[in-house]
Amino acid sequence: MNEPERLTIAIKNDLAEIGRVSRIVTDFVTRNRLPAKLAFDLNLSLDEILTNIISYGYEGDGERQIDIRCTLAEDGVTVEVEDDGRPFNPIETPEPDLSALLEDRPIGGLGVHLVRQLMDQLEYRRLERKNLLIMKRRIESWNA
Amino acid sequence: MECIEERNESVVIVGLQGRMDSSTARIVEEKMLSLIDRGESRLVVDCAHLDYISSAGLRVFLMAAKRLTQARGKLVLSTMSDDVKQVFDLTGFSSIFQICPSREEAINSHRRES
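Residues numbered from 1 in each chain as written. Chains lettered and ligands numbered in written order. Predicted model: local features only at pLDDT ≥ 70, side-chain atom pairs only at ≥ 80, totals over all residues. Heavy atoms only, no water.

**Student:** Please explain unusual backbone geometry as it appears in this structure.
**Tutor:** Outside of glycine, negative phi angles account for most residues, and trans bonds account for most peptide bonds. Even without being a glycine, Arg129 of chain A presents a positive backbone phi close to 60°. The residue Arg129 of chain A is located in the loop between β4 (121-127) and β5 (130-138) in this model. Phi at Glu9 of chain B takes a positive value of approximately 55°, unusual for a residue other than glycine. With respect to the helices and strands, Glu9 of chain B occurs in the loop between β1 (2-8) and β2 (11-20). Classification of Glu9 of chain B by relative accessible area gives exposed; the value is 62%. (Helix = DSSP H or I, 4+ residues; strand = E, 2+ residues; numbered from the N terminus. Buried < 20%, exposed > 50% of the residue type's maximum accessible area, 1.4 Å probe, protein only.)

See below:
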């Protein structure tokens, strides 16, 4: 691998777009001969982050654009998500209590937990009027 | 996302097919709630053809299990792929749900308690 492989996807703030993102990311993983399990993990992480942005990130119901960039490099794959919704740092979301009994389990709050488990590194930046989340999965953990 | 309902005596089996994400989990939620509202208390969800689940899907199972517990019923899951099972493992859901390797075992686990 010499030049890093890049993929960019622009979507609308519509939950129905997540299935399309999944197909594009799966194609990217297959085309680059990466493990199928990696596609599942990347898609789940993207799904959770995009669902939060689309469900809670916007005031009003106008159409907005979210940009997704995947970069495959020697040391791993990086996925960036950029949106112009309200400022939100998912990394600050509190961890759920995973030992709670069924009756005490709150409904919700598990999405960001899954992203933390599936990705090796998360970084949030507040840009001028935009949120940027950078998720990285290192090559050593691809088959984990 | 498709939900295929079958009955085996007092047990209702819901076979899931496709992807259970934030845009499709509602389809399963409506199916499960309609079964519970109609008085069904022994439910099996067969995940053999469930390709994918996100936290939006987990939320539906948690909600259905809570409702069934209140109604003295039970939800048993079966035949999960490794990918789907991993999502249950990472969230601690494997320890709060009964997950059987086969549909038959899931159905039988209801019978043992009848």
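Read on for the rest.
**Student:** Before we go on, may I ask you to explain the side chain of His113 of chain A in this structure?
**Tutor:** Structurally, His113 of chain A can be placed in helix α3 (residues 111-118). For His113 of chain A, a relative accessible area of 2% gives the class buried. Within the structure, His113 of chain A has its side chain in polar contact with the side chain of Glu95 of chain A (distance 2.9 Å). Those residues in contact with His113 of chain A that lie beyond four places of it in its chain are Glu95, Pro96 and Leu98 of chain A together with Leu90 and Thr91 of chain B. (Polar contact = N/O pair within 3.5 Å; in protein donor to acceptor, adjacent residues only side chain to side chain. Contact = heavy atoms within 4.5 Å.)

**Student:** Just checking my understanding: could you explain the layout of surface pockets for this structure?
**Tutor:** Over the atoms rolls a probe the size of a water molecule, and its path tells where empty space is left. Each pocket or cavity is described by its volume, and for the largest pocket that value is around 680 Å³. Taken together, 33 residues line the largest pocket, and the ones lying closest to its centre are Glu48, Thr51, Asn52, Ser55 and Tyr56 of chain A. Of all the elements in the fold, those that place two or more residues in the lining of the largest pocket are α2 (36-56), β3 (76-83), α3 and β5 of chain A together with α1 (25-37) and α2 (55-70) of chain B. Sorting elements by how many residues they give to the lining of the largest pocket places α2 of chain A first, with seven residues. Grouping the amino acids of the lining of the largest pocket by side-chain chemistry returns 15 nonpolar, twelve polar and six charged. Approximately 200 Å³ is the volume attributed to the second largest pocket. As for the second largest pocket, its lining consists of 14 residues, of which Thr26, Ala36, Ala39, Phe40 and Asn43 of chain A are closest to the centre. Those elements that provide at least two residues to the lining of the second largest pocket are α1 (17-31) and α2 of chain A together with β3 (42-53) of chain B. Tallied by class, the residues present in the lining of the second largest pocket amount to seven nonpolar, four polar and three charged. (1 Å grid on protein atoms, 1.4 Å probe; cavity = no way out; pocket = protein on both sides within 12 Å on 5 of 7 lines; lining within 4 Å. Points joined across faces, edges and corners; volume = space filled by probe spheres on them. Nonpolar A, V, L, I, M, F, W, Y, C, P; charged D, E, K, R; others polar.)

**Student:** Quick question: what am I supposed to make of the packing of aromatic side chains here?
**Tutor:** The relation between two aromatic rings is expressed through the spacing of the ring centres and the mutual angle of the planes. Following the criterion strictly, the structure yields five aromatic pairs over all chains and no others. Their ring planes at 55° and their centres at 5.5 Å tell us that Phe40 of chain A and Tyr52 of chain B sit as a pair that is tilted. A residue pair is termed interchain when its members come from two chains, as with Phe40 of chain A in helix α2 and Tyr52 of chain B in strand β3. In this structure, Phe40 of chain A and Tyr52 of chain B share a single accessibility class: buried. Geometrically, the ring pair formed by Phe93 of chain B and Phe97 of chain B is stacked, given 5.6 Å between the ring centres and 25° between the ring planes. Phe93 of chain B sits in the buried class, given a relative accessible area of 0%. By relative accessible area, Phe97 of chain B is classed as buried at 7%. Directly above the ring of Tyr52 of chain B sits Arg19 of chain B, whose terminal nitrogen or CZ lies 4.2 Å from the centroid. (Phe/Tyr/Trp six-rings, centres within 6.5 Å; stacked < 30°, edge-to-face > 60°. Lys NZ or Arg CZ within 6 Å of the ring centre and 35° of its normal.)

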